[in-house]
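# A closer look at the structure
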Amino acid sequence: MIDFKCEYGKFLSPDELEARVSGVRDFVARVQQDEFGGWVDLPINYDRDEFGRIKAAAEQINSDSDYLVCIGIGGSYLGHRAVIEALGGERGRTKIIYVGNSFSARELQRAIKQIGEADFSVNVISKSGTTTEPAIAFRIFRDLLIKKYGEQDAIRRIYVTTDANKGALHDEVAAKGYEAFVVPDNIGGRYSVLTAVGLLAIAAAGIDIDRLMDGAEEERAALISDGGKAAEYAALRNVMLEKGYNIEILANFEPGFMMLNEWWKQLFGESEGKEGKGIFPASVVYSTDLHSLGQYIQDGRRELFETFVEIENENSGVVVPAASENLDGLGYLEGRDLDDICKKVAQATREAHTLGGVPVMRVIMSNLDERSVGALLYFFEMACALSALTLGVNPFNQPGVEAYKTRMFELLGKPGYEK
């Protein structure tokens, strides 16, 4: 399970904290009953037949493909990329390439060049099938598959994750016979990593999706009655906002968590940033960013707080070796595990930033494995939904996302969008 800690004494008494958390707990049932709350019971209520098909498809991809090209944007790719990279990357033959998340021709060309003459398959992930960036990428890579393998063999290398009943991709699946998986109607994109949206790529990367779901199930059991530690985190986030801290920085010490940061930013940014409200989500990876943004965080404007994601029980076995001469001054670290050193650096950073006027909270994973990552995903999803409801906004819509698209379609001349 995920632990959460915060030195809140500067802001609240224990009784005041309990009152705030109690108010947040009232929203747990509301989240569970929401039409887009399907993710709440997902760890115990997922489609076992589809889950088996996902694992079978992943085995097929591993047997015939050096690359799986994942085509999607936002919640259709951030979650599974976050999981794969947090757990150290692909573990077998198949490497994952991500396209369709920008309009960059250079990124597409780079992906095509990387594949070269190797064998590849495609997983296109889009509920509507008409989102512009992935739709363009799918056209390009579908054509590449057909040119390389012929139309019938290309069909066997296309895996579609889309709406079960309608949409452009649904209709193409019906016409072509692609292997298809479902984007659930009751789970929005940024909450969908533990559905087929995320699980096919994760399984194809060689990661144990059973253990990932087990971790999410354990965390659900810990949170489902009253929100648990997630309710405490949600309550304190809103206390920070009331005190004038309107920027939250997610901080960790693992470079492999960079995409986890990006997933978290979408989760909280799209869920809370509406009606002129919300905490702005930002992120850092330490110790790298201690040598860049660290100066601002330590001494800049006091409008931000930090949430550290930490791993409690890691012990890498990588130690600082002894040297015959202590020219670099590291003699005092000889024989010490690098994970132990990292924990001390994290403690020093938390304490320095606290003394500098930055409130610090801690989200603590027991280990860095599939179960803990599954638990972490569920923890943040529940905390985000509760935090948004506490703020007074709908956690599951994103009305502002369409604004740029309308103007984009006008400029590109899409029929029906004439100025």
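Here goes a summary of the coordinates provided. (Residues numbered from 1 in each chain as written. Predicted model: local features only at pLDDT ≥ 70, side-chain atom pairs only at ≥ 80, totals over all residues. Heavy atoms only, no water.)

## Re the sheet that holds strand β5 (residues 158–162)
Strand order in the open sheet formed by five strands is β3-β2-β4-β5-β6, and the pairing between neighbours is parallel. Looking at strand neighbours, the two that pair on one side only are β3 (95–99) and β6 (179–182), the edges of this open sheet. Sheet twist, expressed as the mean angle between neighbouring strand axes with direction ignored, is 20 degrees. Looking at chain direction, strand β2 (residues 67–71) and β3 are connected through five bridges and run parallel. Bridge pairing in β3 places Y67 opposite K95. (Pairing = 2+ DSSP bridges. Helix = DSSP H or I, 4+ residues; strand = E, 2+ residues; numbered from the N terminus. Axes fitted to C-alpha atoms, helices over the stretch in contact; angles between N-to-C directions.)

## Overview of the packing of helix α4 (residues 78–86) against helix α9 (residues 196–204)
The geometry of α4 relative to α9 is characterised by a closest axis approach of 8 Å and an angle of 35 degrees between their N-to-C directions. In the packing of α4 onto α9, the handedness of the crossing is right-handed. Taken together, the residues of α9 that come into contact with α4 (itself represented by H80, V83 and I84) are V197, G198, A201 and I202. Taken together, the residues that form the contact of α4 with α9 break down as five nonpolar, two polar and no charged. (Left-handed = near helix turned anticlockwise from the far one by under 90°. Contact = heavy atoms within 4.5 Å. Nonpolar A, V, L, I, M, F, W, Y, C, P; charged D, E, K, R; others polar.)

## What to know about the side chain of R350
Considering the arrangement of structural elements, one finds R350 in helix α14 (residues 338–355). In this structure the side chain of R350 is engaged in a polar contact, spanning 2.8 Å, whose partner is the side chain of E310. Setting aside its immediate chain neighbours within four residues, R350 contacts F308, E310, V360 and R362. (Polar contact = N/O pair within 3.5 Å; in protein donor to acceptor, adjacent residues only side chain to side chain.)

## Concerning helix α5 (residues 105–115)
Along α5, the positions that sit buried rather than exposed are L108, A111 and I115. Considered in projection along α5, the buried side chains sweep an arc of 60 degrees and stay on one side of the axis. Facing away from the buried side of α5 by more than 90 degrees, the exposed set consists of R106, Q109 and K113. Packing partners of the buried residues in α5 comprise β2, β3, β4 (120–125) and α6 (132–149). Put simply, S104 is the residue that caps the front of α5, since its side-chain oxygen is 3.3 Å from the backbone nitrogen of R106. (Buried < 20%, exposed > 50% of the residue type's maximum accessible area, 1.4 Å probe, protein only. Arc of directions from axis to C-beta.)

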